[in-house]
Amino acid sequence: MWGEDKILSFLKNILDKIPFERKEVSLAINNQELTRFANNIIHQNVAEENLSLTIRAGEGKRKIIINTSDLDIEKIDKLIKDLDELLKAQPETEELYLPEPEPIPSHEKKLINPSPELRANLVKIFTEKGEKHNLETFGALSENISEFGIMNSKGVKAYTVYSYAHGKVMYMGDGSGYQEEIGKNLNNINFEELSERALQKCIDSKNPEEIDPGSYTVILEPLAVGELLEMLSYFGFSAKAVQEKRSFLNLYMGQKIFKDFINIFDDGLNPEGIVIPIDFEGVPKKRVDLIKNGIPMGPVYDTATAVKEEKKSTGHALPPPSWGPAPLNLFFAPGEKSLEEIISETERGILVTRFHYVNAFLDPIRVLATGMTRDGTFLIENGKIKKPLKNLRFTQSFVEALTNVVEISKEAILVPSMGFSKVPAIKVENFNFTGKTEF
Amino acid sequence: MLEIGREILNYASRLGGDYVDVRIVRRKQEEIEVKNGVLENASKNETYGFGVRVLYNGAWGFASSFNLSDYRKIVEKAFQIAKASASVNKKKVVLAPEEVYKAKWESQYKIDPFSVPFEKKLDLLFTADKIMREVKGISLTEASLSFFKEDKVFLSSEGSEIEQSILESGGGITAYAIEGADVQRRSYPNSFGGDFRKGGWEFIEELDLIGNAERIAKEAVLLLSAEPLPEMVTTLILDGTQLALQVHESCGHPTELDRVLGMEASFAGTSFLTIDKRNNFQYGSEIVNIVADATHLYGLGSFGFDDEGVPAQKNYLVKNGLFVGYLTSRETAALFGEKSNGTMRADGWNRIPLIRMTNINLLPGDMPYEDLIASTDEGVYMAVNRNWSIDDKRLNFHFGCEIAYEIKDGKLGKIYKNPYYTGITYEFWRSCDAIADEKSWRVWGVPNCGKGEPMQVARVGHGVAPARFKKVKVGGK
C-alpha cells in the first residue's frame with residue numbers, strides 16, 4: 001500500500017502535466033489473496049498486487065480515457081502526448097463531465113493483514129468437519145485490501161482505503177449444502193455457524209425428489225435474495241438505464257407498487273456494510289432510498305448522468321470506462337420474524353438456499369430472469385421442511401416477485417453482489433418455476 | 001521480457017520447490033463505443049506484470065505483481081502460500097510429463113489495428129450509428145470496436161522458454177426499439193459486442209458494419225409489432241451465433257476436466273460428463289462431432305502454447321455422437337496417466353492458468369444451408385443470443401434469442417419476438433438431425449467467458465454452421 005500522501009502527490013505531478021481544460025487522474029491499488037479448496041484439499045492459493053493509473057481528459061465536447069499499470073515515467077509522458085492526438089481526432093459530441101469537490105466523511109481505516117496460514121487453518125477445520133460425515137469439502141476464502149486516490153481539474157482531491165474478507169463453504173456427498181458471507185475480516189465471519197449450516201443442508205438434501213414446475217410460494221434465503229437484488233440493481237437502479245428508458249423505474253417511479261415494508265437503499269457509509277466513502281470520481285457516497293415504503297424512488301447517479309438531469313451525483317460512479325452508475329452498497333431492510341418462524345407459518349412452499357446462473361436480458365424492463373436453484377432446495381409442508389427437492393428452473397420477473405413478498409426475515413447477512421448487499425430471507429408468493437433438472 | 005523472466009526464475013529455483021513457472025505479460029487494449037451519436041467511450045488500456053507459480057511439496061502457491069523490480073518479495077510470497085497449502089493437503093499434485101520447448105509464436109494479421117488512424121475507426125462507428133438512428137422507431141443505438149494485443153513469455157524450471165504475441169480485433173452494432181415496457185433489439189454480427197477473431201483491421205472491414213446497420217435497425221422496429229413466439233414443441237434451427245453459445249455452455253464448459261473433478265464446484269458448479277461417461281455416453285446424434293482446436297488460423301481460442309507451455313492441439317471431445325474427451329491440464333491429465341492436451345490459460349499476468357476452452361468447434365455437416373431450411377416442413381429458426389442460463393451440472397439450459405422466424409413448407413416466414421428454447425443438454429444434442437455444410441461454417445469469437453476465483457475472463461472461439469434439432473420446447477414470454 002502506498003498511503004494517502006504518496007498517492008496524492010504522485011497524482012498531482014501527473015495532473016499538472018496534462019494540458020487540457022478538463023482532466024482527472026486516479027490510482028487504484030488492490031492486493032488480494034484467495035485460497036480455494038475442493039475435495040478436501042487446497043487446490044488453488046493465490047496472491048496478487050494490482051495497480052491501475054487512469055487518466056480522463058476532455059477538451060470542448062471531446063473526451064478520452066487512458067489506463068495503465070506501467071508507471072514508467074517516460075511511458076506516462078508518452079501517454080499524455082497521445083491524449084492530444086486522440087482528442088483532436090474526435091468530432092464534438094459530449095464533454096467530459098467532472099464533479100466539484102465535496103468534503104469526504106471520515107471512516108475507520110482498519111485494514112486486514114492477509115494470512116495464507118490463517119486461511120489454511122480454516123480450511124483444515126472445514127474439511128475435518130466434513131470428513132466426520134464422510135463428505136467432501138469445497139469453498140474459498142479471500143482477503144482484499146484496496147486503496148484509491150483521485151484528483152481532478154475542478155479541485156477534487158480524495159483518497160480512501162478499505163478491506164474486507166469473503167468466505168464460502170460447501171459440502172458435497174449424496175446432496176450438497178452451501179453458505180457464504182462477507183465480513184470486515186475473516187475473524188469477523190462466524191465460520192463455525194456458517195459451516196454448520198452448509199453441512200446440515202448437505203445432510204438434509206440427500207435423495208432429493210422431483211416436483212412439477214409451476215407457481216409456488218417460495219422462501220428465498222439471503223444468498224438468493226442477494227442475486228435478486230443484484231439483477232434489480234443492474235437492470236433498474238442505474239440512472240443510465242432510466243435515461244435510456246430500459247429500467248422498471250421508467251414504468252413505476254413514484255407509484256406504490258410494493259408493500260409498505262419493502263425498503264431498499266444504498267449506503268456506502270453504513271457500518272453494517274463495507275464502508276467505502278467515495279466513488280470512482282471522488283464523490284462522497286450519499287445514502288439513496290431506491291424503494292421506500294414500497295415506492296420506487298429513483299436511481300443512483302454519477303456525474304455524467306446527473307448533469308443530464310441537472311442534478312448532483314449521488315456518488316455511484318464506477319471505474320471508467322463504465323456502463324453507468326451502480327449501487328454497490330445495498331441494504332434490503334429486514335423484517336421482524338425469524339426465518340424459522342416464517343418457515344413454521346408456511347403451509348406449502350419451497351425453500352431455496354441459492355440461485356445459479358441468473359440472467360435477465362430476456363426482458364430487462366421487467367427484470368424477467370431465468371436461473372436455477374442449487375445446493376439445498378426443500379419442500380415445506382405444514383410449517384416444516386418435509387423433504388429435499390431436485391433443482392428447479394425459474395423464469396420470473398423479479399419486479400413482480402418483489403410485489404409478491406409477504407414476509408421478510410429479521411436475520412440479514414452481507415453477501416457479494418456487484419459490490420456488497422446486506423440481505424434478509426424473503427417469502428414470495430406465486431413464484432414461477434418453469435423447468436426441472438436431474439439432480 | 002525473457003531476460004527479466006530468467007532472473008525471476010533463477011531466484012525462484014534457488015528457493016527450492018518441485019516446480020516453478022514464471023509468466024510475464026504485457027496487454028494492450030483499445031475500446032471505442034459510439035452510443036446514440038455520442039462517443040460514449042474511447043479508452044486505451046495497458047497492463048504489464050508477472051506471475052510466479054510454485055509447486056512445493058506437492059501443493060500450489062501463486063503470487064503476482066505489476067512491480068517487476070520487487071520480484072523477490074513476490075516469489076517468496078508464492079512459496080509462503082504453497083507451504084500453507086502443503087500444511088493442509090493430504091494428497092500431492094503430480095504433473096504430467098511435458099517436452100521442453102524453446103519457441104516463438106505469433107498470431108496472423110494483415111493490418112495492425114493499433115496503427116489505423118483513430119479518425120478512421122470513429123468514422124466507421126459514427127456512420128453505422130447514424131444509419132441506425134435514421135430508421136424511424138429506433139430509440140437507442142450502439143456501435144463498438146475492440147482491439148487486443150498480448151505479448152507474453154513463459155519460463156519453467158523444466159527449461160521451457162516460450163514467447164508469444166497475439167493480436168485480436170472485433171466489433172459490432174446494436175439497435176434498440178423501445179415502446180413502453182417492450183424493449184426489442186437486433187445486433188450484428190452478434191450480440192454483446194459483435195464478433196472477434198485473431199486478425200487485424202482487415203476483419204473489421206470484412207464485417208461491413210455500415211452495410212448491415214439499416215437492416216438490423218429495421219428488424220428491431222419490426223419486432224415491436226411482432227407476436228411473441230407461441231409455446232410449443234417443434235423443430236428448431238439455430239443460426240451460427242446462437243449455436244456457438246449452445247456449444248460453449250453445453251459442451252465446452254462440461255468437458256473442462258477441472259470442473260468435472262470438482263475444482264469449480266463451489267462457484268460455477270460441476271459437470272454431468274463424469275469420468276465414467278468417457279467413451280461410454282451418447283452425448284449427441286451420430287452426426288455430432290465436436291473438437292477442441294487451438295490450432296485454428298483465426299479462432300479467438302488459438303495459440304501456439306498454453307500457459308503451462310504445452311503446444312496447441314486439436315482433439316475430439318465428441319466423435320460420432322459419443323463423448324470421448326476432456327479439456328485437460330498437466331495436473332488433471334496426470335490423474336489418468338495421460339499428457340495434457342494444452343488448454344491452460346490465464347487472464348493476464350495476475351491470475352493462475354485454468355483449464356479454458358480453446359476453439360470448441362462443431363464440425364460441419366453435409367447439407368447446404370439452403371437445404372436445411374428447405375427440408376423443414378414446420379419449425380422455428382432462431383438467431384443471435386439475448387439471454388443464457390444453464391444448471392450447475394450443465395444439463396438444463398434456457399436460451400433467449402433476439403429474433404425467431406416461422407418455418408413453413410421449407411421457407412422462412414413471419415418473425416416472432418422474445419423467443420426462447422429450453423431443454424436438457426444430451427437430449428438436445430441427440431435430437432440434432434442436420435448440420436449445414438462448411439460453406440456456412442465459421443468460428444465465432446466469445447471474448448467474455450467467465451470462470452474461476454478471482455474471476456477470470458477468457459477469449460474463446462466456437463466454429464459452427466447452422467444446425468437443426470427436433471422436438472425442442474420453445475416459446476416467447
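What you see is a predicted model; the values in this text were computed from it and never measured.

Draft legend 1. Broad picture of the overall build of chain B. If you tally the helices and strands in chain B, you get ten helices and 24 strands. Against the 2.2 N^0.38 benchmark of 23 Å for 477 residues, chain B shows a C-alpha radius of gyration of 23 Å, consistent with a compact globule. For chain B, the C-alpha atoms occupy an extent of roughly 70 × 55 × 40 Å along the three principal directions. Here chain B, with 477 residues, has 69% of them falling under the buried criterion.

Draft legend 2. Examining the overall build of chain A more closely. Summing up its helical and strand segments, chain A has ten helices and 17 strands in all. Along the longest, intermediate and shortest principal axes, the C-alpha atoms of chain A span 70 × 55 × 35 Å. Within chain A, the proportion of its 439 residues that are buried is 64%. Considering only residue pairs separated by 6 or more positions, chain A has 72% of its internal contacts joining residues 24 or more positions apart. As displayed, chain A offers around 16,100 Å² of accessible surface, 47% of which is attributable to carbon and sulfur atoms. Of the charged side chains in chain A, 53 are positive and 65 negative; the average position of the first set lies 2 Å away from that of the second.

Draft legend 3. Quick look at a nonpolar patch on the surface. On the surface, I275, L335 and F336 of chain B cluster together into a nonpolar patch covering about 260 Å² of accessible area. The class of L335 of chain B is exposed, set by a relative accessible area of 58%.

Draft legend 4. Fine view of the UniProt feature "domain: Metalloprotease TldD/E C-terminal" (unreviewed entry) in chain A. Using the residue numbers shown here, the UniProt feature "domain: Metalloprotease TldD/E C-terminal" (unreviewed entry) corresponds to residues 213–435 of chain A. The span residues 213–435 of chain A is 19% helical and 40% strand by assignment, and the distance between its end C-alpha atoms comes to 6 Å.

Draft legend 5. Broad picture of the nonpolar core. Residues L220 and F398 of chain A together with Y421 of chain B are the most contacted members of the largest nonpolar core, which totals 112 residues. No other element matches the eight residues that helix 5 (residues 222–236) of chain A contributes to this core. Both domain 1 (4–201) and domain 2 (207–436) of chain A contribute no fewer than three residues apiece to this core. Setting aside residues up to four positions removed in sequence, F398 of chain A forms contacts with E227, L228, M231, L232, F355, V358, R366, V367, A369 and F431 of chain A. With 63 residues, the next largest nonpolar core counts V25, L79 and L83 of chain A together with Y188 of chain B among its residues.

Draft legend 6. Spatial organisation of the side chain of E402 of chain B. Following the sequence through the fold, E402 of chain B ends up in strand 18 (residues 396–408). In this structure E402 of chain B comes out as buried when scored by relative accessible area, which is 0%.

Draft legend 7. Layout of the interface of chain A and chain B. Taken together, the contact between chain A and chain B spans 78 residues of the former and 82 residues of the latter. Of the roughly 6,700 Å² buried between chain A and chain B on both sides combined, carbon and sulfur atoms contribute 53%. Looking at the side of chain A facing chain B, the largest losses of area belong to R36, E49 and Y357 of chain A, adding up to 10% of the total buried there. Remark: the boundary between chain A and chain B carries eleven salt bridges. For R36 of chain A, the salt bridge goes to E264 of chain B, with nearest N and O atoms at 2.9 Å. Inspection of the chain A/chain B interface yields 51 residue pairs in polar contact (both at pLDDT 80 or more). Broken down by element, the side of chain A that touches chain B gets its largest block of residues, eleven residues, from strand 2 (residues 41–59) of chain A.

Draft legend 8. Representation of the sheet that holds strand 16 (residues 360–362) of chain B in the model. All names here are of chain B. Taking strand neighbours across the sheet as the criterion, the four strands line up as 13-12-11-16 in an open arrangement whose pairing is antiparallel. Both edges of this open sheet fall to strand 13 (322–323) and strand 16, since each of them pairs with a single strand only. Examined bridge by bridge, strand 12 (residues 314–319) and strand 13 share two bridges and lie antiparallel to one another. Paired with K319 across the strands is L322, a residue of strand 13. Of the strands in this sheet, strand 11 (290–293), strand 12 and strand 16 touch helix 6 (residues 240–252), which is tilted by about 115° from strand 16.

Draft legend 9. Region of interest: helix 5 of chain A. All names here are of chain A. Taking 1.5 Å of rise per residue, the 15 residues of helix 5 would be expected to cover 21 Å, and the 20 Å separating its terminal C-alpha atoms lies within 8% of that figure. With twelve of 15 residues buried, helix 5 lies mostly within the body of the structure. For helix 5, the set of buried residues is P222, L223, A224, V225, G226, L228, L229, M231, L232, S233, F235 and G236.

Draft legend 10. Region of interest: the domain arrangement of chain A. Residue and element names in this part refer to chain A. Per the domain assignment, the segments making up chain A are domain 1 (4–201) and domain 2 (207–436). The gap between the C-alpha centroids of domain 1 and domain 2 is 23 Å. Counting residues at the interface gives 34 residues for domain 1 and 35 residues for domain 2. Buried surface at the junction of domain 1 and domain 2, summed over both partners, amounts to about 3,000 Å²; 68% is from carbon and sulfur atoms. Of all residues in domain 1, the largest losses of buried area upon contact with domain 2 belong to E102, I182 and K201, amounting jointly to 20% of the total for that side. Close ionic contact of E221 with K201 constitutes a salt bridge, the shortest N to O distance being 2.9 Å. Listed by contribution, the elements that provide at least two residues to the side of domain 1 that touches domain 2 are strand 2, strand 4 (136–152), strand 5 (157–172) and strand 6 (176–183).

Criteria and thresholds
- Residues numbered from 1 in each chain as written.
- Chains lettered and ligands numbered in written order.
- Predicted model: local features only at pLDDT ≥ 70, side-chain atom pairs only at ≥ 80, totals over all residues.
- Heavy atoms only, no water.
- Helix = DSSP H or I, 4+ residues; strand = E, 2+ residues; numbered from the N terminus.
- Rg over C-alpha atoms; globule rule 2.2 N^0.38 Å.
- Buried < 20%, exposed > 50% of the residue type's maximum accessible area, 1.4 Å probe, protein only.
- Contact = heavy atoms within 4.5 Å.
- Areas by Shrake-Rupley, 256 points an atom, 1.4 Å probe, with all protein chains shown as cover.
- Lys, Arg positive; Asp, Glu negative; His and termini not counted.
- Charge placed at Lys NZ, Arg CZ, Asp CG, Glu CD.
- Patch = residues over 30% accessible without salt bridge, like charges linked within 9 Å, V, L, I, M, F, W, Y side chains within 5 Å.
- Salt bridge = Lys/Arg side-chain N within 4 Å of Asp/Glu carboxyl O.
- UniProt positions renumbered as here; feature names shortened; annotations may be inferred.
- Core = buried A, V, L, I, M, F, W, Y, C linked by side-chain atoms within 4.5 Å.
- Domains from an automatic or database assignment.
- Buried area = accessible area lost by both parts, 1.4 Å probe.
- Polar contact = N/O pair within 3.5 Å; in protein donor to acceptor, adjacent residues only side chain to side chain.
- Pairing = 2+ DSSP bridges.
- Axes fitted to C-alpha atoms, helices over the stretch in contact; angles between N-to-C directions.
- Expected span 1.5 Å × (residues − 1).

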